[in-house]
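# Observations on chain architecture
Below, each chain spelled out in residue letters.
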Amino acid sequence: MASGLGKDLIYVILQFLNEEKYRETARMLEKESGVFFNMKHFEELVMGGKWDEAEKYLSGFTKMEDNRHSMKIFFEIRKQKYLEALDRQDKGTAVDFLQTDLKVFSALNEVLYKELAQLVVLNNIRENPQLTNYGDSRTARAIMLVEIKKLIEANPLFSIDKLVFPEMKSKRLHMLINHSLNWQHSLCANPLPNPEMKTILVDHHCRSPNDQYGTQLNLSNQHHGFQSRAEGLTPMFASGIFQPMAAPVQTPLSSWMAATPSSSSHPVSGAGIVLSGLTNTSMAAVSRGAGDFASTSRARPSAAADRTMMPGPSHSQNAGLTLNTSDDLPKIVARTLNVGSFPTSMDFHPIQQTLLLVGTDVGDISLWEVSSREKLASRNFQLRDITSSSMTLKAALIKDPFVSVRRILWSPDGSFFGVAYSKHLVHLYAYFGGNDIRLHLEIDSHTGSVNDIAFSKPNKQLFFISCGADKTIKVWDIATGAQLHKFEGHEAAVHSLCPHNKDNVHFIFSTSVDGKIKAWLYDTAGSRVDYFAPGCSCSTMIYSADGKRLFSCGTSKEGETHLVEWNENEGIVRRTYQGFTKRSLGLVQFDTSKNRYLAAGDDYLVKFWDMENPIPLATTDAEGGLTATPRIRFNKEGSLLAVSANENRIKILATVDGLLLIRTYESRTVSASRGASEIPTKNGDSINLQDVKGKGIAEGNPTKAWKPTEINAPARFRSLKLSAHIKTDKISRLIYNNSGNAILALASNAIHLLWRWSRNDLNTSGKATTKVAPQLMQPASGLVMINDLTDCKQDEAVPCFAVSKNDSYVVSASGGKVSLFNMTTFKTMTSFMPPPPAATSLAFHPQDNNIIAIGLADSTICIYNVRVDGVKNKLSSHSKRITGLAFSQLLNTLVSSGADAQIIVWDSEKWIKQRGCFLFPPGRKCAASETNVQFHHDQKQLLVINEAQLSIYDIRKLECLRQWIVEESSAPISHATFSCDSQFVYCSFLDGTIRIFAAPNLQLQCQINPAAYLPSGISSSVYPLAVAAHPQDPNQFAIGLVDGSVHILEPPETEGKWGVPPPLEISSTSRTPPPAAAPDQMQTD
């Protein structure tokens, strides 16, 4: 697709064609260029039933296989074509459409394809429950167009510039031609007062009537010159900081980002990185800028200088910008940390933005809470197991035991961090909050220094990437440490990594110390591009936070520093930033902030730029004492900046917002530390709250003693009881759909109830809320989703269900056969696996809705394939019925729990047992109660719910991280669930109490007593049996009660959360006091 000035030229030509009524030609240019999608034309094709033309036009912008949005668009068009053929009783044509146009979708959704095929036998398609409201073809097309427009707008291939034609004055092409002719006339040696201009095929030249020979010679030369320039119409590199050099045509990145790999070699160029368009570096010598379509050697008249646009604002503009944005730049020294040795690498936590990781020149790593200046954790460099280390590493350590940290980096979700060392090794740590860091992997990754590390997530799987002095790049499995890819091709040590994805294509930029830049896909085809960085400098590449702008900063051997922004579309340097010292004393490091600012450490200063302006915006010396080329690192919001300083210090610079952030965390830390100091411990367990009278309160300082919140009145929170006219028994299971706009309940009498919220003025989001009552759904057919009860023993039945990822289907059982329902029509799609044994737990495979894990009463697990209607695998290891199932897509595991109080981890690819453990010590008697499991949103931690306890496990080792045990005098747990962000655990009890725990330490944060949500006069035997958390709002949850009612609960709008978070320092293993003894330690609402 064209880009830059070439793209603008197409827009101008399209305007000209439309103005001159060359509409068919305009549509052809739109389709072939892919620059502008004419929605009006597409609507006309669809409304006119011109299906083939509509698909042909659409194919100029996307193919069916590009993404799910594109596939859905093509499906909707072909489905409508098929339905119209059936509606006009042209069944022969309809069958032809079914077997050709729609057949391609059968592999993706065979059930839906069969449903469409069944329409052929109907005399009227409106007999199908889903098509009862199908009107005439024109109305159906209009409705379909609304859906297609939404799909197009959501499709990443249809960016906003493709859907909106740019504003320009009419007759723009005519105006540009007039400007060109006037310009040519101004260059004439003897301009005539009223020149005659009859053609634009050659340059204009004023001549006298007697100058025929000169005219002919001039015209001949102009024709030759025009042909030469026309050959250079492909995008060309600006001269900029690069010296023009002839080279063969290079492979643009747009070509290797397509699926087809290339094994051809890639010559070196000083031109730049190309992300789209063609590149011909041999034309660089004649190009005066990107898109300079008709460069001329003649000097521009001085009068034209007034019309020249400069690359950035003037100094006066810059001064104003500095004044207005000074608050956005972190220049206030808020904290100074003494880390003990020289800091070589730093990184802020992506979520807890005052946590700073630091690596030093002696191999130490440390974790700091910058608000309190507290070092939370530290580790010295040491080998986990020297006996298993390579001989090369042992020899290197014997020769020189000195090891430094080259890079330290958090994973995107902050649950891991990696450390690259100067000798061979990478350490990968797991972070569990607070000061809890644990070595997860030690990898002997490279020969020599490991220079950089990065995290990437192609195919939604988290990978770990490293590069080193051995000139290689390696990709590792973060769960096992297995090497997945190895990229070779650099001729010098690889210095840095920059993984990214563009249009769902994942790739890695790498730079080496000789100034080379290469790019790799996750395959074996080798490097796709091969370029030199500006000035052949040893560079680092970084994308802006929104992933839309690419920057690099490097320092050459001569000490020259080049900070540039790349134009990915043109393959050139878009902007070169000024203000560096002529000879830097080391490698200059840089970082980006807020998609707006750049910062670099140079000449004992931190220098800032606005991304739009090459002139420095501001500088700071951070009150002095900075190193010559300071290491720098922004936090995610750009409100804090860590800067290395002399004497082994790190200075934390802050904006005004950063100061507020630090003070907020500082006050929390002070409060938490005081609260923790007032609670004595015994044998590692927290003593019950009723045993501690609150030392802080007795001393007259109640604001410093943290208490959980207790809610006794309905006025202290928001709730909504969902109405239902269908008679049901107790609610056994409850779940929100994945979109968050509906909730599904399964009653013990096998009836399903589905409530759905609609979008309106009172509920603009259309999501579940307590502000607006939802509608109890029931199709016009009158169908009710009710499970099979044939051969079912009601007293032994264990109701269970699961909703597919796309919210289209629910699989459910209540002691009889397993049923698969369509959630739109309530139609039973199929039933399978009659008892005995009966299904007791169900879970959809996260990557394939046709694969269902079914736990059975005989203690086995069946992996059932709906597509082939058969059991694929059978797993056996439990001794009692299965009570819980949960998949982790990240770890490719299935976790099962049973009434035998056992947890087992299965490989979800090979379907073999990996490990298992018991919840209780061997020999301890425990009731055969229901044990449920649910994954944390990081898919590595697991919540285990039993009537006697809540536990959180690291599933990779089956190690219990945190535990909360119910006192013998307290009511048992009935159910519990994580909030959507896994920061809360919502837990219900058989006495009707609801407790909300802070997940990081399983400490009670809020308690809702039955009187708050149950009307007066309700029996004390009414309690929640099921709890469900909203999939997008972490503070909303629902409860299903034994009286058949469902309630939605939310905190007050004024507070927006459930109570005050407890301090993390409180012990992670605790016991609940009896409810009657708790109120004196509660903050009562």
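Residues numbered from 1 in each chain as written. Predicted model: local features only at pLDDT ≥ 70, side-chain atom pairs only at ≥ 80, totals over all residues. Heavy atoms only, no water.

## With respect to the pairing of strand β51 (residues 949–954)
Selection rule: Relative accessible area decides the class of each residue, using a 1.4 Å probe on protein chains only: under 20% of the type maximum gives buried, over 50% gives exposed, and in between gives partly exposed. Numbered from the N terminus, helices here are DSSP runs of H or I no shorter than four residues, and strands are runs of E no shorter than two. Strands are treated as partners if at least two bridges between them are detected by DSSP.
The element β51 is extensively covered by neighbouring structure, given that 6 of its 6 residues are classed as buried. Connecting strand β50 (residues 941–946) to the antiparallel partner β51 that follows it, the hairpin turn spans 2 residues. By the bridge criterion, 6 bridges tie β51 to strand β52 (residues 959–965) in an arrangement that is antiparallel. Paired with Tyr-953 across the bridge in β52 is Cys-960. Between the end of β51 and the start of β52, which pair antiparallel, lie 4 residues, with Leu-958 showing a positive phi angle near 50°.

## Brief notes about the pattern of salt bridges
What counts here: A carboxyl oxygen of Asp or Glu within 4 Å of a side-chain nitrogen of Lys or Arg is what we treat as a salt bridge.
Tallying each qualifying case throughout the model produces 33 salt bridges. The residue Glu-76 makes a salt bridge to Lys-79 at a minimum N-O spacing of 3.5 Å. Here the residue Glu-76 and the residue Lys-79 both occupy positions in helix α5 (residues 68–87), the gap between them amounting to 3 residues, near one helical turn. With a closest N to O distance of 3.7 Å, Asp-530 and Lys-516 form a salt bridge. Note that Asp-530 is positioned in strand β17 (residues 529–532) and Lys-516 in strand β16 (residues 516–521), a separation of 14 residues in sequence. On the accessibility criterion, Lys-516 (6% relative accessible area) is buried. Through salt bridges with shared partners, a single ionic network connects Arg-549, Glu-565, Arg-574, Arg-575 and Glu-612.

## Regarding the nonpolar core
Rule in force here: In these notes, a set of buried Ala, Val, Leu, Ile, Met, Phe, Trp, Tyr and Cys residues joined through side-chain atoms within 4.5 Å is what counts as a nonpolar core. Contact criterion: two residues are considered in contact whenever any of their non-hydrogen atoms come within 4.5 Å of each other.
Ranked by size, the top nonpolar core spans 40 residues in total, and within it Phe-37, Phe-42, Leu-58, Tyr-82, Leu-102 and Ile-152 carry the most contacts. Elements that contribute at least two residues to this core include exactly α3 (39–47), α4 (51–58), α5, α6 (91–100), α7 (110–118) and α8 (137–154). Here this core takes 8 residues from α5, the largest share from any one element. Setting aside residues up to four positions removed in sequence, Phe-42 forms contacts with Phe-37, Ala-54, Tyr-57, Leu-58, Ile-77, Leu-145, Ile-148 and Ile-152. Ranked by size, the runner-up nonpolar core spans 34 residues in total, among them Val-426, Leu-428, Trp-476 and Ala-901.

## Remarks on unusual backbone geometry
The phi angle of most residues is negative, glycine excepted, and most peptide bonds adopt the trans form. Residue Pro-836 is bonded to the preceding Pro-835 through a cis peptide linkage, with omega at -10°. Position of Pro-836 among the secondary structure elements: in the loop between β40 (828–832) and β41 (839–845). For the peptide bond that leads from Pro-836 to Pro-837, omega is -5°, which places it in the cis range. For Pro-837, the location among the structural elements is in the loop between β40 and β41.

## Observations regarding the packing of aromatic side chains
So the rule is basically this: Only the six-membered ring of Trp is used, alongside the rings of Phe and Tyr, when aromatic pairs are assigned; centres must lie within 6.5 Å, and planes under 30 degrees apart are stacked while those over 60 apart are edge-to-face, with the rest tilted. Throughout this description, the term charge over a ring refers to an Arg CZ or Lys NZ atom that lies within 6 Å of the ring centre and within 35 degrees of the ring normal.
Applying the stated rule across the entire model yields 28 aromatic pairs. Ring geometry for Phe-75 against Phe-105: centres 5.2 Å apart, planes inclined by 75°, an arrangement best described as edge-to-face. One end of the pair, Phe-75, is in helix α5; the other, Phe-105, is in the loop between α6 and α7, with 30 residues separating them in the sequence. Neither Phe-75 nor Phe-105 differs from the other in exposure class; each is buried. Seen in terms of ring centroids, Trp-964 and Phe-989 are 6.0 Å apart; in terms of plane orientation they differ by 70°. Their pairing is edge-to-face. Taken as a pair, Trp-964 in strand β52 and Phe-989 in strand β54 (residues 984–989) lie far apart in primary sequence, 25 residues in all. On the accessibility criterion, Trp-964 (4% relative accessible area) is buried. Using a relative accessible area of 1% as the deciding quantity, one classes Phe-989 as buried. Following the ring pairs from residue to residue traces out a cluster consisting of Phe-37, Phe-42, Tyr-57, Phe-61 and Phe-158. Over the ring of Phe-97 we find Lys-81; its NZ or CZ atom is 4.7 Å from the centre of that ring. A cation over an aromatic ring shows up here: Arg-995 above the ring of Phe-989, its NZ or CZ 4.5 Å from the ring centre.

## Thoughts on the sheet that holds strand β2 (residues 343–348)
For clarity, the cut-off: Working convention: axes come from line fits to C-alpha atoms, limited for helices to the stretch in contact. Angles between N-to-C directions cover 0 to 180 degrees.
In space, the 4 strands of this open sheet follow the order β2-β3-β4-β5, with antiparallel pairing throughout. Both outer strands of the open sheet, β2 and β5 (374–379), are each paired with one neighbouring strand and no more. Across the sheet, the mean angle from the axis of one strand to that of its neighbour is 20°, orientation sign disregarded. Relative to strand β4 (residues 365–369), strand β3 (residues 355–360) runs antiparallel, the two being bridged by 5 bridges. Among the inter-strand pairings, Leu-356 is bridged to a residue of β4, identified as Trp-368.

## Considerations on the environment of Ile-786
By secondary structure assignment, the location of Ile-786 is in the loop between β36 (775–776) and β37 (800–803). Ile-786 sits 37 residues away from Asn-749 along the chain, and the two C-alpha atoms are 8.4 Å apart. Ignoring anything within four residues of it in the chain, the contact list for Ile-786 reads Asn-749, Ala-750, Ile-751, His-752 and Phe-821.

## Section: the side chain of Thr-62
As for its position among the elements, Thr-62 is in the loop between α4 and α5. Excluding anything up to four places from it in sequence, Thr-62 contacts Ser-70, Phe-74, Asn-155, Leu-157 and Phe-158.

## Details of the UniProt feature "repeat: WD" (unreviewed entry) in the protein
What counts here: UniProt positions are given in the numbering used here, feature names are shortened, and annotations may be inferred rather than shown by experiment.
The residues that UniProt annotates with the feature "repeat: WD" (unreviewed entry) are residues 443–486 and 875–907. Helix makes up 0% of residues 875–907 and strand 64%, and the two end C-alpha atoms of the span are 11 Å apart.

## Some words on the packing of α3 against α8
Formally: It is the rotation of the near helix from the far one that decides the hand of a crossing: anticlockwise by less than a right angle makes it left-handed, clockwise makes it right-handed. Residue polarity follows a fixed list, in which Ala, Val, Leu, Ile, Met, Phe, Trp, Tyr, Cys and Pro are nonpolar, Asp, Glu, Lys and Arg are charged, and the others, Gly among them, are polar.
Interaxial distance between α3 and α8 falls to 10 Å at its minimum, and their mutual angle equals 145°. Between α3 and α8 lies a crossing of right-handed hand. Taking contact as the criterion, the partners of Met-39, Phe-42, Glu-43, Val-46 and Met-47 in α3 are, on α8, Arg-138, Arg-141, Ala-142, Met-144, Leu-145, Ile-148, Lys-149 and Ile-152. Of the residues assigned to the contact of α3 with α8, the class counts are 9 nonpolar, no polar and 4 charged.

## A short note on a nonpolar patch on the surface
Note the following rule: The residues that make up patches have over 30% relative accessible area and no salt bridge, and they are joined within 9 Å when like-charged or within 5 Å when they are Val, Leu, Ile, Met, Phe, Trp or Tyr. For the area figures, the Shrake-Rupley method with a 1.4 Å probe applies, and any residue is considered shielded solely by the protein chains shown.
The grouping of Ile-332, Val-656 and Leu-660 at the surface amounts to a nonpolar patch, some 240 Å² of accessible area in total. Take Leu-660: it is sitting in helix α15 (residues 656–677). The partly exposed category is assigned to Leu-660, whose relative accessible area is 48%.

## A closer look at α4
Every α-helix carries 3.6 residues per turn, so stepping three or four residues along brings you back to the same face. How we decide: Directions pointing from the helix axis toward each C-beta atom define the arc.
Listed as buried for α4 are Trp-51, Ala-54, Glu-55, Tyr-57 and Leu-58. For α4, the angular spread of buried residues about the axis comes to 165°, placing them on one side. Facing away from the buried side of α4, by more than 90 degrees, are the exposed residues Asp-52 and Lys-56. Buried residues in α4 make contact with α2 (23–33), α3, α5 and α8.

## Thoughts on the environment of Ala-334
Structurally, the position occupied by Ala-334 is in strand β1 (residues 332–338). Once you skip the residues sitting within four places of it in the chain, Ala-334 turns out to touch Arg-373, Ile-652, Ala-654, Leu-659 and Ile-662.

## Some thoughts on the sheet that holds β40
Sheet strands pair via backbone hydrogen bonds, and the direction of the pair is either parallel or antiparallel. Reading across from one edge, β37-β38-β39-β40 is the order of the 4 strands in this open sheet, with antiparallel pairing throughout. A strand with exactly one partner marks an edge of an open sheet, and here the two such strands are β37 and β40. In this sheet, neighbouring strand axes are inclined to one another by 15° on average, regardless of whether the strands run parallel or antiparallel. For β37 and strand β38 (residues 809–813), the ladder comprises 4 bridges, and the chain directions are antiparallel. Within β38, the position partnered with Val-803 by the bridge is Val-810.

## Some thoughts on the confidence of the model for the protein
This is how it is decided: The pLDDT score gives, residue by residue, the confidence of the prediction method on a 0 to 100 scale.
Summary statistics for the protein give a mean pLDDT of 80 and a share of 81% for residues scoring 70 or more. Of the regions scoring below 50 in pLDDT, residues 210–256 engages in 90 contacts with residues more than four places distant in sequence or in other chains. This stretch, residues 669–704, has a pLDDT under 50; its non-local contacts, to residues over four places away or in other chains, come to 41 contacts.

## Here we look at α2
All of the buried residues in α2 are Ala-26, Arg-27, Glu-30 and Ser-33. The buried residues of α2 occupy an angular sector of 145° when projected down its axis, which confines them to one face. Counted as exposed and oriented over 90 degrees from the buried face of α2: Glu-24 and Glu-32. Taken from the residues just after α2, Gly-34 is the one with a positive phi, measuring 70°.

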